[in-house]
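Listed below are the residues making up each chain.
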Amino acid sequence: MPGSKKTVDEMKKKREVSPQLRESLKEYNRIRKIIISELGSEPKTIPEIARSSGLEENTVTYHLMTMMKYGEIEEDRMDDMDEYYYYRLGSD
Amino acid sequence: MQKESGHAEYDVLVVGGGIAGQEAALNMGSMGYQVLLVEKDLSMGGKMLQLSKVFPTLDCAACIATPKVSETARHPNITIFTNSEMKDLSREENGSFSGILVKSPRYIDEHACTGCQDCEEACPVIVRDQYQYNLVGRKAAYIPFSIASPRVAAIDIDNCILCGACERACPADAVDFRQEKEEMPVRVKTVIIATGFRLFDPTVIERYNYRKLRNVITSMQMERQLVPTRPYNNVLRPGDGKMPDNIAYLLCTGSRDETLGNPICSQVCCMYSIKQAQLVLGALPMADVTIYYIDIRAFGKGFEEFYRQTFDMGVEFVKGKVAEIDGEEDGDLILKYEDVETSTIKEARHDMVVLSVGILANRDPENLFTGGELDIDEYGYVRQPAQLSSPASTSMEGVFVAGTASAPMDIPDSISSAGAAAAEAAGYLRKGMMK
Ligand SMILES: Cc1cc2nc3c(=O)[nH]c(=O)nc-3n(C[C@H](O)[C@H](O)[C@H](O)COP(=O)(O)OP(=O)(O)OC[C@H]3O[C@@H](n4cnc5c(N)ncnc54)[C@H](O)[C@@H]3O)c2cc1C
Ligand code: SF4
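Given the structure is predicted, the values throughout are model-derived calculations rather than measurements.

1. Brief notes about the state of the cysteines
All names here are of chain B.
Line of reasoning, step 1. One pass over the full model with this rule turns up one disulfide over all chains.
Line of reasoning, step 2. The disulfide partner of Cys60 is Cys63, and the gap between their sulfur atoms is 2.3 Å. Measuring handedness by torsion sign, the sulfur bridge of Cys60 and Cys63 sits at about 90° and is right-handed.
Line of reasoning, step 3. Under the relative-accessibility criterion, Cys63 is labelled exposed at 54%.
Line of reasoning, step 4. Of all cysteine sulfurs in the structure, the one in Cys252 sits closest to Cys270, which takes part in no disulfide; the separation is 5.7 Å.

What follows is the structure, encoded as structure tokens:
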């Protein structure tokens, strides 16, 4: 039956997960949650998210684009200057 | 594959599954020879599978490369091992080569995996995606990229938190953390080296501030931004997601530069930059594109016409050497350059800079054979002792070279050189191998 075997337990006996990896995963999720809450009320551009959250613009870009790749975020309209896209939370 | 004295036997070993390795393998396979193709990466295809369109025809790279990859994968005379390398290759008394094929674990049963990506969805880890040249993240359980061959998942064990989510999610029961490195002895009669090239790492040139200034990117990162499976929703600045409207290209980054130890021309950077300029204008019709160059090398069939076409499209060419790139508060970039025409130092402002990084030798072939029998040239490429009369020959009888393993070259030349390598290898086998 799929999902019944647990070979990962054998790997756990052989390998340790590094604290840095756990730390960087925590950091990803922290930023992900900030972006989700930033976009909760209305679509925003990357600089708008950065300004109101205090995150660096390039950090927002990397995380937001990764979230878009996995369907958590969608592209919205462009701003009036045709410079930045607005982004909104994904529909599913 | 026949087995004799514990060795799997093939007529020819092709090392590297880029466009050159595939072409060589297909030629040999179609002549009836049994081919072993060993690819180091998780997928076949090499750099070409990551490109957008190709100069000078602007054909879609994947549309040409993908059918070739599938033809290679399906060929009855070709056996492919991905995520694998050869070690301890040495010549035996009868002229054959024996060695060990080392297959690294991908922790996925390749035959069971259906490519459904359920493991990827379940995986909670995010790390930088090397196939998108770090512009975006990927999971630790992942299909390398959409047109990968084989299109099966792999687990990046160094970045895995061992949560087991992928294993629980997989409907095909394909996840297997018990996999270990496998070693298989093989024997072949002839070898074709097609290990390709490395990209120049521009962090070496500190005054360009690559990585520190986020809107300075490499040509490979731009190449990814121009494909349908791009990392972003358009061509955008990694620094802040702005749609750039004034893009600069810096040709010869890491090439023709004695101080960097690479005095030779990379052969493709002029042309791929001209290609990208045309594609960028397709994606961003309002943008300005400026190409900073030393001189333009447009020597191939159709290249000069292709180059001239970019003038008509409004691309600006500046003969100038860029000394330094500095960043502004708003993410824009200031280029300090010597205008060669007027011999003056000038400054220019752009909102994105693309470094047209050069091609460097992949040093792997150096250690392919025991005993250091294979000669490498002064730039690290496989030496061609008879470049004019027998371009595919190497310093070792029965060992041939194809594609960018021997020198920088474009795709058509890589394919031609692979054809030559296959013809020379077949001739060698027909003659009854070593003299
Ligand atoms: C930004 C950019 C844009 C380009 N655009 C164009 C274009 O538009 N048109 C054009 O004609 N050319 C273009 N080129 C050049 C083109 O990419 C090369 O000509 C072509 O990829 C060379 O193919 P190859 O098979 O020799 O090498 P690669 O593509 O490098 O393939 C080598 C393969 O060997 C594998 N390998 C390496 N070492 C080992 C080992 N030890 N054991 C087993 N396997 C190994 C690698 O994983 C890889 O799969 C471009 C290059 C760049 C950098
Ligand atoms: S390993 Fe399993 S879950 Fe992952 S892609 Fe393959 S079949 Fe799907």
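2. Here we look at unusual backbone geometry
Line of reasoning, step 1. In this chain, Phe55 of chain B is followed by Pro56 of chain B through a cis amide linkage whose omega measures -10°.
Line of reasoning, step 2. With respect to the secondary-structure elements, Pro56 of chain B resides in the loop between strand 4 (53-54) and strand 5 (59-60).
Line of reasoning, step 3. Going from Ser149 of chain B to Pro150 of chain B, the amide bond is cis rather than trans, its omega being 0°.
Line of reasoning, step 4. You can see Pro150 of chain B is positioned in the loop between strand 11 (141-142) and strand 12 (154-155).
Line of reasoning, step 5. In this model, Asp82 of chain A sits at a positive phi of 60°, which is unusual for a non-glycine residue.

3. Observations concerning the site of ligand 2
Line of reasoning, step 1. Around ligand 2, the surrounding shell holds 13 residues, and the nearest of these are Cys113, Cys116, Gln117, Cys119 and Cys170 of chain B.
Line of reasoning, step 2. Considering only residue class, the shell around ligand 2 consists of nine nonpolar, three polar and one charged.

4. Regarding the sheet that holds strand 17 (residues 288-293) of chain B
All names here are of chain B.
Line of reasoning, step 1. As summarised here, the arrangement of the seven strands in space is 15-21-16-17-18-19-20, forming an open sheet in which the pairing is mixed. Whereas interior strands pair on both sides, the edge strands pair on one side only; in this sheet they are strand 15 (216-218) and strand 20 (344-350). For this sheet, the mean inter-axis angle between neighbouring strands, taken without regard to orientation, is 40°.
Line of reasoning, step 2. Pairing geometry for strand 16 (residues 246-253) and strand 17, over five bridges, is parallel. Of the residues in strand 17, the one forming a bridge with Ala248 is Thr290.

5. Thoughts on the interface of chain B and chain A
Line of reasoning, step 1. Across the contact, 43 residues belong to chain B and 35 residues belong to chain A.
Line of reasoning, step 2. For the pairing of chain B and chain A, the buried interface totals around 3400 Å² over both sides, and the portion due to carbon and sulfur atoms is 57%.
Line of reasoning, step 3. Its largest share of buried area at the contact with chain A, chain B owes to Ile126, Leu162 and Asn233 of chain B, together 19% of the area lost on that side.
Line of reasoning, step 4. In this assembly, chain B and chain A are joined by three salt bridges.

6. Some words on the packing of helix 1 (residues 19-30) of chain B against helix 8 (residues 411-430) of chain B
All names here are of chain B.
Line of reasoning, step 1. Taken N-terminus to C-terminus, the directions of helix 1 and helix 8 make an angle of 35°; their axes are 8 Å apart at the nearest point. When you trace helix 1 past helix 8, the crossing you get is right-handed. Contact residues: Ile19, Ala20, Glu23, Ala24, Asn27 and Met28 in helix 1; Ile411, Ser414, Ile415, Ala418, Gly419, Ala422, Ala425, Ala426 and Leu429 in helix 8.
Line of reasoning, step 2. When the residues that make up the contact of helix 1 with helix 8 are grouped by side-chain class, the tally is eleven nonpolar, three polar and one charged.

7. Notes on the packing of aromatic side chains
Line of reasoning, step 1. Counted according to the given criterion, the structure contains twelve aromatic pairs over all chains.
Line of reasoning, step 2. Aromatic side chains Tyr85 of chain A and Tyr87 of chain A sit 6.4 Å apart centroid to centroid with 50° between the ring planes, which places their arrangement in the tilted category.
Line of reasoning, step 3. Judged by centre distance (6.2 Å) and plane angle (25°), the rings of Tyr107 of chain B and Phe177 of chain B are stacked. Pair noted here: Tyr107 of chain B is in the loop between strand 8 (97-103) and helix 3 (118-122) and Phe177 of chain B is in the loop between helix 4 (165-169) and strand 13 (182-193), with a separation of 70 residues, a long-range link. Considered together, Tyr107 of chain B and Phe177 of chain B belong to a single accessibility category, that of buried residues.
Line of reasoning, step 4. Grouped by ring-pair contacts, the aromatic residues Tyr293, Tyr307, Phe311 and Phe317 of chain B constitute a single cluster.
Line of reasoning, step 5. Directly above the ring of Tyr86 of chain A sits Arg77 of chain A, whose terminal nitrogen or CZ lies 4.2 Å from the centroid.
Line of reasoning, step 6. Taking NZ or CZ as reference, Arg207 of chain B lies 5.2 Å from the ring centre of Tyr208 of chain B, over its face.

8. Section: the site of ligand 1
All names here are of chain B.
Line of reasoning, step 1. Residues in close proximity to ligand 1 total 36 residues, the closest being Glu39, Lys47, Lys275, Thr404 and Met409.
Line of reasoning, step 2. With respect to ligand 1, the backbone of Ala20 contributes an N or O atom lying 3.1 Å from an oxygen atom.
Line of reasoning, step 3. Thr404 places a side-chain nitrogen or oxygen 2.7 Å from an oxygen atom of ligand 1.
Line of reasoning, step 4. In isolation ligand 1 offers 1000 Å² of accessible surface; the protein chains occlude 96% of this area.
Line of reasoning, step 5. Looking at the shell around ligand 1 residue by residue, the class counts come to 15 nonpolar, eleven polar and ten charged.
Line of reasoning, step 6. Both domains that furnish three or more residues to the shell around ligand 1 are identified here as domain 1 (7-104 + 182-196 + 362-434) and domain 3 (200-359).

9. Focus: the nonpolar core
Line of reasoning, step 1. Counting 82 residues, the largest nonpolar core has Tyr87 of chain A together with Met222 and Ile325 of chain B as the members making the most contacts within it.
Line of reasoning, step 2. The element best represented in this core is helix 6 (residues 269-283) of chain B, accounting for nine residues.
Line of reasoning, step 3. Residue assignment places this core across two domains, with domain 2 (105-180) and domain 3 (200-359) of chain B each supplying three or more.
Line of reasoning, step 4. Among the nonpolar cores identified, the runner-up in size contains 41 residues, and Ala20, Tyr131, Phe400 and Ala422 of chain B belong to it.

10. Quick notes on the domain arrangement of chain B
Residues and elements named next belong to chain B.
Line of reasoning, step 1. Once the domains are mapped, chain B shows domain 1 (7-104 + 182-196 + 362-434), domain 2 (105-180) and domain 3 (200-359).
Line of reasoning, step 2. Computed from C-alpha coordinates alone, the two centres of domain 2 and domain 3 are separated by 34 Å.
Line of reasoning, step 3. The interface of domain 2 with domain 3 comprises six residues on the first partner and nine residues on the second.
Line of reasoning, step 4. Summed over both sides, the interface between domain 2 and domain 3 buries roughly 740 Å², with carbon and sulfur atoms accounting for 58% of that surface.
Line of reasoning, step 5. Of all residues in domain 2, the largest losses of buried area upon contact with domain 3 belong to Gln132, Tyr133 and Leu135, amounting jointly to 76% of the total for that side.
Line of reasoning, step 6. Remark: the boundary between domain 2 and domain 3 carries five residue pairs in polar contact (both at pLDDT 80 or more).

11. Digging into the pairing of strand 20 of chain B
Residues and elements named next belong to chain B.
Line of reasoning, step 1. Where strand 19 (residues 333-339) meets strand 20, seven bridges bridge the pair, whose relative direction is antiparallel. The partner of Leu333 across the bridge, within strand 20, is His350.
Line of reasoning, step 2. Counting the residues that bridge the hairpin from strand 19 to strand 20 gives four residues, and of these Ser343 lies at a positive phi of roughly 55°.

Here is what the cut-offs are and how they apply
Residues numbered from 1 in each chain as written. Chains lettered and ligands numbered in written order. Predicted model: local features only at pLDDT ≥ 70, side-chain atom pairs only at ≥ 80, totals over all residues. Heavy atoms only, no water. Disulfide = S-S within 2.5 Å. Buried < 20%, exposed > 50% of the residue type's maximum accessible area, 1.4 Å probe, protein only. Helix = DSSP H or I, 4+ residues; strand = E, 2+ residues; numbered from the N terminus. Near = heavy atom within 4 Å. Nonpolar A, V, L, I, M, F, W, Y, C, P; charged D, E, K, R; others polar. Pairing = 2+ DSSP bridges. Axes fitted to C-alpha atoms, helices over the stretch in contact; angles between N-to-C directions. Contact = heavy atoms within 4.5 Å. Buried area = accessible area lost by both parts, 1.4 Å probe. Salt bridge = Lys/Arg side-chain N within 4 Å of Asp/Glu carboxyl O. Left-handed = near helix turned anticlockwise from the far one by under 90°. Phe/Tyr/Trp six-rings, centres within 6.5 Å; stacked < 30°, edge-to-face > 60°. Lys NZ or Arg CZ within 6 Å of the ring centre and 35° of its normal. Polar contact = N/O pair within 3.5 Å; in protein donor to acceptor, adjacent residues only side chain to side chain. Areas by Shrake-Rupley, 256 points an atom, 1.4 Å probe, with all protein chains shown as cover. Domains from an automatic or database assignment. Core = buried A, V, L, I, M, F, W, Y, C linked by side-chain atoms within 4.5 Å.

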